[in-house]
Amino acid sequence: MSNIFTHISFQALGKQTIRRLVFVCLLAFSIAFEPAFGKLRPVQSVSFETVGTYVVMKVKINNSTPLNLILDSGIRNTIITELFEGDQITLNYSDVKDLMGLGGGEHLEAYSSNYNTFGIGKLRLSPKTIFVLKENIFNLSKHTGSRINGLLGIDVFYNHVVDIDYSQKRVRFFDRASFIPPKGYQDIPLIVEGRKMYIQLTVTEGNGKKRPVKMLIDTGAELNAWFQTYKKEPLEIPSKNIRTIIGQGLNGEITGKLARVPEIQIGSHVLKNPVVSFPDSASIAGIIENSDRDGTIGSQLLSRFNYAVDYAGKHFYFKPNGNFKDMFSYNVAGIEVAQVLPFVPQAEVWKVWEDSPASIAGVREGDQILEVNGQKAFQITINELRKMFETPSRFPLRLTLLRNSEEISVKIDMKSKI
């Protein structure tokens, strides 16, 4: 009956009125989805995929097939970590280099290739240096459950103002000469040193003391922030903390402590009770020893803002987005997972945190996860599984595991410890 009434109503309105209504609807739609930059047109605008809080962009290298690269402002040059069937790329290797980064292990060797061209949409960026890892230590595809070929370095920021819009999932490249900061965006100084980008924040410690800190912007670190524990007068580690695996650096695994600080302030915006990391000194000594930086802010914190980076002009423009007020979570269970086979939804326990609820419950590295709270694991993506491990609850998390052809059931305490 409603369809009949609708048909009669449109007939009664007449064609001219209908045209006006269509125009008004289209105008309203365009206003609702008009980007914050208004009439300012980018040189190039491309969509990106979020994998966790990583920004994953499609990039062609020397007219290669499109490669999926994580935007990583913490490294100077792009790194190819793995290629899959169907990926085609042509590179001329010039040398073998040792790559230096975080972690307590040995230097990482990679093949070096110079004078390459990146294609991002219709934008061409050159000449670019690329490294291809001899050994894939990151296992990005297994850990994310997505097809990842490597890391896109900071050199994509050099010649344009680059806008990262988490709300619309787009990366926009603007000409510096005509760029006008969008309405509502704050502007703070961008510090550029050694081809790396830093900003100054304010951290409130447990005793109420506010401290200015100089932080590296690292879009390739999937964490909120970490603070150095190596040099004189580091931030006080809160007494309520847990041991954790912070991540994988270029030179090995990074371990440390996880805790909450009362506040992190960026410009006039205050983030309450964020979960942050304090790496062990052995994990960061090599990279922090000759630097005055206090730590790093990563993709989890950055994803709460839409922001534009003017590398050459040394400006950082930013505005909170819809993620800003989300609760700060952490891996309550203490389980790091990976896929047994690339792109096959079968999760395996990669690491178990020391003294974590999962460790106490008897979960071991190498266990295959069959069920989570009665749900078959093959129906759950890696990112969904991580969210389950990050959700505190009064009730235990029930896992069915496969270990040496034997099914084992465990219950993990999911009460938050920090």
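Placed above this text is the structure.
This one's a predicted model, so the numbers in the text were calculated from it and none came from an experiment.

A. Quick peek at the overall build of the protein chain. For the protein chain, the count of helices and strands is seven helices and 30 strands. Split into buried and exposed, the 418 residues of the protein chain put 49% on the buried side. Sequence separation of 24 or more characterises 63% of the internal contacts of the protein chain that already satisfy a separation of 6 or more.

B. Looking closely at the side chain of Glu263. Positionally, Glu263 belongs in strand β19 (residues 263-266). In this structure Glu263 comes out as buried when scored by relative accessible area, which is 16%. Polar contacts involving the side chain of Glu263 include one to the side chain of Lys210, which spans 3.3 Å. Excluding its chain neighbours within four sequence positions, the residues that come into contact with Glu263 are Thr202, Val203, Thr204, Lys210, Val270, Leu271, Lys272 and Pro274.

C. Representation of unusual backbone geometry. Between Ser126 and Pro127 the backbone carries a cis peptide bond, its omega angle lying at -10 degrees. Residue placement: Pro127 occurs in strand β8 (residues 123-133). Unusually for a residue other than glycine, Asp355 sits at a positive phi of about 60 degrees. Inspection of the secondary structure assignment puts Asp355 in the loop between β26 (347-352) and α6 (357-361). The phi angle at Asn404 is positive, at roughly 50 degrees, despite the residue not being glycine. Looking at Asn404, the relative accessible area reads 75%, which means it is exposed.

D. Highlighting the pattern of salt bridges. The final tally for this structure, using the stated rule, is 15 salt bridges. Two residues, Arg211 and Glu205, come together in a salt bridge whose shortest N-O distance is 3.7 Å. Through salt bridges with shared partners, a single network forms among Asp163, Asp165 and Arg172.

E. Spatial organisation of the sheet that holds strand β23 (residues 305-310). The strand order β1-β11-β10-β23-β24-β12 describes an open sheet built from six strands, whose pairing is antiparallel. Looking along the sheet, the strands with just one partner apiece sit at the ends: β1 (44-47) and β12 (186-189). With direction set aside, neighbouring strand axes in the sheet form an average angle of 15 degrees.

F. Region of interest: the pairing of strand β11 (residues 170-174). Within β11, four of the five residues are buried, which leaves it mostly tucked inside the rest of the structure. Looking at chain direction, strand β10 (residues 161-165) and β11 are connected through five bridges and run antiparallel. Its bridge partner being in β11, Asp165 is matched across the sheet by Arg170. As consecutive antiparallel partners, β10 and β11 are separated by four residues, and within that stretch Lys169 has a phi angle of approximately 55 degrees, a positive value.

G. Quick look at the packing of aromatic side chains. This model, assessed by the stated rule, comprises ten aromatic pairs. With a centroid separation of 5.5 Å and 45 degrees between ring planes, the pair formed by Phe179 and Tyr317 is classed as tilted. Here Phe179, found in the loop between β11 and β12, pairs with Tyr317, found in strand β24 (residues 315-320); they are 138 residues apart in sequence, far enough to count as distant. For Phe179, a relative accessible area of 11% translates into the label buried. Chaining the aromatic ring pairs together yields one cluster made of Phe305, Tyr307, Phe316, Phe318 and Phe324. The lysine or arginine in question, Lys214, covers the ring of Tyr198, its NZ or CZ lying 5.0 Å from the ring centre. Over the ring of Phe328 we find Arg304; its NZ or CZ atom is 3.6 Å from the centre of that ring.

H. Local environment of the pairing of β24. As defined by bridge partners, β12 adjoins β24 across four bridges and the pair is classed as antiparallel. Looking across to β24, one finds that Ile188 is bridged to Phe316. Looking at chain direction, β23 and β24 are connected through six bridges and run antiparallel. Bridge pairing in β24 links Phe305 to Pro320. Where β23 folds back on β24, the antiparallel hairpin that results is connected by four residues, among which Lys314 adopts a positive phi of roughly 65 degrees.

I. Local environment of the side chain of Asp165. Within the secondary structure, Asp165 is located in strand β10. For Asp165, a relative accessible area of 6% puts it in the buried group. Of note is the side chain of Asp165, whose polar atom sits 3.0 Å from the backbone nitrogen of Gln168. Within the local environment of Asp165, its side chain forms a polar contact with the side chain of Arg172, the two groups lying 3.1 Å apart. Residues contacting Asp165, with those up to four places away along its chain left out, are Phe48, Arg170, Arg172 and Asn306.

J. Quick look at the nonpolar core. Counting 87 residues, the largest nonpolar core has Met57, Phe227, Ile264, Phe316, Ile335, Ile369 and Ile412 as its most contacted members. Once you skip the residues sitting within four places of it in the chain, Ile412 turns out to touch Ala333, Ile335, Pro357, Ala358, Ala361, Val363, Pro396, Leu397 and Leu399. Membership of the second largest hydrophobic core comes to 16 residues, among which are Val56, Phe131, Leu133 and Phe138.

About the criteria used
- Residues numbered from 1 in each chain as written.
- Predicted model: local features only at pLDDT ≥ 70, side-chain atom pairs only at ≥ 80, totals over all residues.
- Heavy atoms only, no water.
- Helix = DSSP H or I, 4+ residues; strand = E, 2+ residues; numbered from the N terminus.
- Buried < 20%, exposed > 50% of the residue type's maximum accessible area, 1.4 Å probe, protein only.
- Contact = heavy atoms within 4.5 Å.
- Polar contact = N/O pair within 3.5 Å; in protein donor to acceptor, adjacent residues only side chain to side chain.
- Salt bridge = Lys/Arg side-chain N within 4 Å of Asp/Glu carboxyl O.
- Pairing = 2+ DSSP bridges.
- Axes fitted to C-alpha atoms, helices over the stretch in contact; angles between N-to-C directions.
- Phe/Tyr/Trp six-rings, centres within 6.5 Å; stacked < 30°, edge-to-face > 60°.
- Lys NZ or Arg CZ within 6 Å of the ring centre and 35° of its normal.
- Core = buried A, V, L, I, M, F, W, Y, C linked by side-chain atoms within 4.5 Å.

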